[in-house]
Amino acid sequence: MGTFVLYAVCAFAAIGGFCFGYDIGVISGVLTMEDFQITMVGRDYLNSMQTAVITGLLLAGCFVGSLLAGPSAEYFSRKITIIISSFVFVVGAAIQTAANGYDMMIAGRFVAGLGVGALSMIVPLYQSELAPKEIRGRLIALQQLMITIGIMVAFWIGAGTQHITGPSSWRIPLGIQMAPGVVLFFGTFFLPYSPRWLLSKGRNAEALSVLAKLHSAGDESNPLVVAEYEEIIAQIELERAVAVGSYLELFQGKLCRRMILGITIQIFQQFTGMNSIMYYAPTIFKQAGIADTSATLIASGVNGVVNVLATIPAVLYLDRLGRRFVMMSGAAIMGTAMILCGAVMGGTGVVITDKATGDKSVDMSGNTSASYFCIVMIYIFVSGFAYSWGPVGWVYPAEIYPLSVRAKGTSITTAANWLMNFVISLICPVMLVKITWGTYIFFGCCCALMATVVFFFFPETKGKSLEEMESVFSGSILCHRQKYNNPTPEFDSVHDDEKKEIA
Ligand code: BGC
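Below, the structure is looked at part by part. (Residues numbered from 1 in each chain as written. Predicted model: local features only at pLDDT ≥ 70, side-chain atom pairs only at ≥ 80, totals over all residues. Heavy atoms only, no water.)

Let us look at the overall build of the chain. Assigned secondary structure in the chain consists of 22 helices and two strands. Taking 2.2 N^0.38 as the reference for a compact globule, 503 residues should give roughly 23 Å; the C-alpha atoms of the chain span a radius of gyration of 23 Å, in line with that estimate. Along the first, second and third principal axes, the C-alpha atoms of the chain reach 75 × 50 × 40 Å. For the chain, the residues scored as buried account for 57% of the 503 residues in total. When the accessible surface of the chain is totalled, it reaches about 19300 Å², and 69% of it is carbon and sulfur. (Helix = DSSP H or I, 4+ residues; strand = E, 2+ residues; numbered from the N terminus. Rg over C-alpha atoms; globule rule 2.2 N^0.38 Å. Buried < 20%, exposed > 50% of the residue type's maximum accessible area, 1.4 Å probe, protein only. Areas by Shrake-Rupley, 256 points an atom, 1.4 Å probe, with all protein chains shown as cover.)

The subject of this paragraph is the pattern of salt bridges. All told, the structure shown has 13 salt bridges when counted by the stated rule. In this structure, Arg323 engages Asp319 in a salt bridge whose closest nitrogen and oxygen atoms are separated by 3.1 Å. We note that Arg323, like Asp319, is buried. A salt bridge links Arg323 to Glu399; the shortest N-O distance between them is 2.9 Å. Here Arg323, found in helix H16 (residues 323–348), pairs with Glu399, found in helix H18 (residues 389–400); they are 76 residues apart in sequence, far enough to count as distant. Exposure class is identical for Arg323 and Glu399. Each is buried. Because the salt bridges share partners, they merge into one network encompassing Arg136, Asp319, Arg323 and Glu399. (Salt bridge = Lys/Arg side-chain N within 4 Å of Asp/Glu carboxyl O.)

Now for the site of the ligand. Around the ligand sit 13 residues in total, of which Gln144, Gln269, Gln270, Asn275 and Trp394 are the nearest. Asn275 places a polar side-chain atom, nitrogen or oxygen, 2.6 Å from an oxygen atom of the ligand. Taking 310 Å² as the accessible area of the ligand by itself, protein coverage stands at 100%. Where the shell around the ligand is concerned, the elements lending two or more residues are helix H7 (136–161), helix H13 (255–271), H18 and helix H19 (403–434). At three residues, the largest contribution of residues to the shell around the ligand is made by H7. The class makeup of the residues in the shell around the ligand is four nonpolar, nine polar and no charged. (Near = heavy atom within 4 Å. Polar contact = N/O pair within 3.5 Å; in protein donor to acceptor, adjacent residues only side chain to side chain. Nonpolar A, V, L, I, M, F, W, Y, C, P; charged D, E, K, R; others polar.)

Okay, the packing of aromatic side chains next. Overall, the coordinates contain 17 aromatic pairs when judged by the stated rule. On the numbers, 5.0 Å between centres and 80° between planes, the contact of Phe185 with Phe186 is edge-to-face. Here the aromatic residues Phe87, Phe185, Phe186 and Phe189 are joined through ring pairs into a cluster of three or more. Directly above the ring of Tyr193 sits Lys79, whose terminal nitrogen or CZ lies 4.8 Å from the centroid. Seen from the ring of Tyr193, Arg203 lies directly overhead, with NZ or CZ sitting 5.1 Å from the centre. (Phe/Tyr/Trp six-rings, centres within 6.5 Å; stacked < 30°, edge-to-face > 60°. Lys NZ or Arg CZ within 6 Å of the ring centre and 35° of its normal.)

Turning next to the pairing of strand E1 (residues 350–353). Summarising the sheet, E1 and strand E2 (residues 360–363) pair through four bridges and their orientation is antiparallel. Note that in E2 the partner of Ile352 across the bridge is Ser361. (Pairing = 2+ DSSP bridges.)

The subject of this paragraph is unusual backbone geometry. Here Ser77, not a glycine, exhibits a phi torsion of approximately 100°, which is positive. In this structure, Ser77 sits in the loop between helix H4 (48–75) and helix H5 (78–98). At Ala217, a position not held by glycine, the phi torsion is positive, near 50°. Here Ala217 is to be found in the loop between helix H11 (204–215) and helix H12 (223–241).

A separate point is a nonpolar patch on the surface. A grouping of Trp156, Val305, Leu309, Ile312, Leu316, Tyr317, Leu321 and Phe325 is seen on the molecular surface, where their side chains present a nonpolar patch of about 710 Å² in accessible area. Considering every element that reaches the nonpolar patch, the biggest residue donor is helix H15 (residues 293–321), with six residues. Using a relative accessible area of 31% as the deciding quantity, one classes Val305 as partly exposed. (Patch = residues over 30% accessible without salt bridge, like charges linked within 9 Å, V, L, I, M, F, W, Y side chains within 5 Å.)

Attention now moves to the side chain of Ser465. In this structure, Ser465 sits in the loop between helix H20 (438–457) and helix H21 (469–472). Classification of Ser465 by relative accessible area gives buried; the value is 7%. A polar side-chain atom of Ser465 sits 3.0 Å from a polar atom in the side chain of Glu231. Apart from residues no more than four positions distant in its own chain, Ser465 is found in contact with Lys133, Arg136 and Glu231. (Contact = heavy atoms within 4.5 Å.)

The structure is reproduced here in structure tokens:
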């Protein structure tokens, strides 16, 4: 299912995910480089406020960028929004690379954040509108795969340039991020417009031609293409009657349920605790008993590799296993790993309190096997996230809204993700020094809650066309009793008939 062109277009758009991951991953290494610190603040260390501002302004920019991308996607199109976002990203990356001091650096981080935030919202939305329902999960998961590759590449480039003395140590890793942004900017001019956006603007002939190019090697009379084309038109007619004008209306009537689920999934994705590991991996591995700095770095680097490898099953199997199973099993694996890690750390480590600051840390140096156990648990946790909540966090919101509000809806859910990302980046370092191993127990409990909430409230969306979501979300809000093999028989039978005709 799906043509080479379709895969190529979706994989190309996923470069937006690479920019996202790279920008997140690059900063932790750069912050520790001496020449960077001297150039930024004139001395060889950054205080915690400066570190937090440099890290956090990207996230603030992402929050704003994802909200701005909504109206842009509606008026200028999904495609033009990718072009604008990648341009903004490149400008932000250039400012960071050329920064001659702290102010310029934080301005660059914010501008790059605007681009990353907008890309994180628009890329999955664009992919969802190009994809046939059978492989939509897989195509959107490509962006998550690229996020993880971006994080990993940034980490290893940073580790490689650590040894260079002078400004190249940090200007090289910051400068490299311009390359994918430039490629995305120019390449997107050659990508098609979203057929659903074209139809919403009455550009029907172009839409049919794009659907045919993507799904049937250009054959506009292919019955599946014609059926999809007609289904989208029928849905647009239907939605015209109940058009939503303001953002507030998204939270009223029938749409409210989908808004709550979309926002919840994004908040949950952050409260798995994944970014506590992504941002503070060196500290965490140190707490788990790796004392040597270079060993901590290697452990963090391996973590990035595990993250990439464990995302591959999502690309391969998300559409077969379904969103619900993947989310529940992922939450169960992550929760178990976090709770075991916290319990073993608490049970075997010695909590040490710094008399001057009151900060606590766990000393596990006396028990090597417990320390290895915790490190393995962290890797299991990361794998659990990578195949489940990482991709599904982006897939689900991009597929549940009606066309008329899809851009508005996903811009709000994406903004929720960045806001929580920011919250986690602020609370995590405090939790690590105040409740130490309790941090893992906390996130473990969050994961248990997530599995339960998904079980009761999240309907399955695999295999349903974007136009069929209306019926998926019109049943009871409690969905644990639904039969997911065939939750909307009326639609399936329509498609089965079509399939028979084609055969
Ligand atoms: C999340 C990021 C996270 C990354 C890790 C993404 O899906 O949104 O916050 O850092 O996955 O792979």
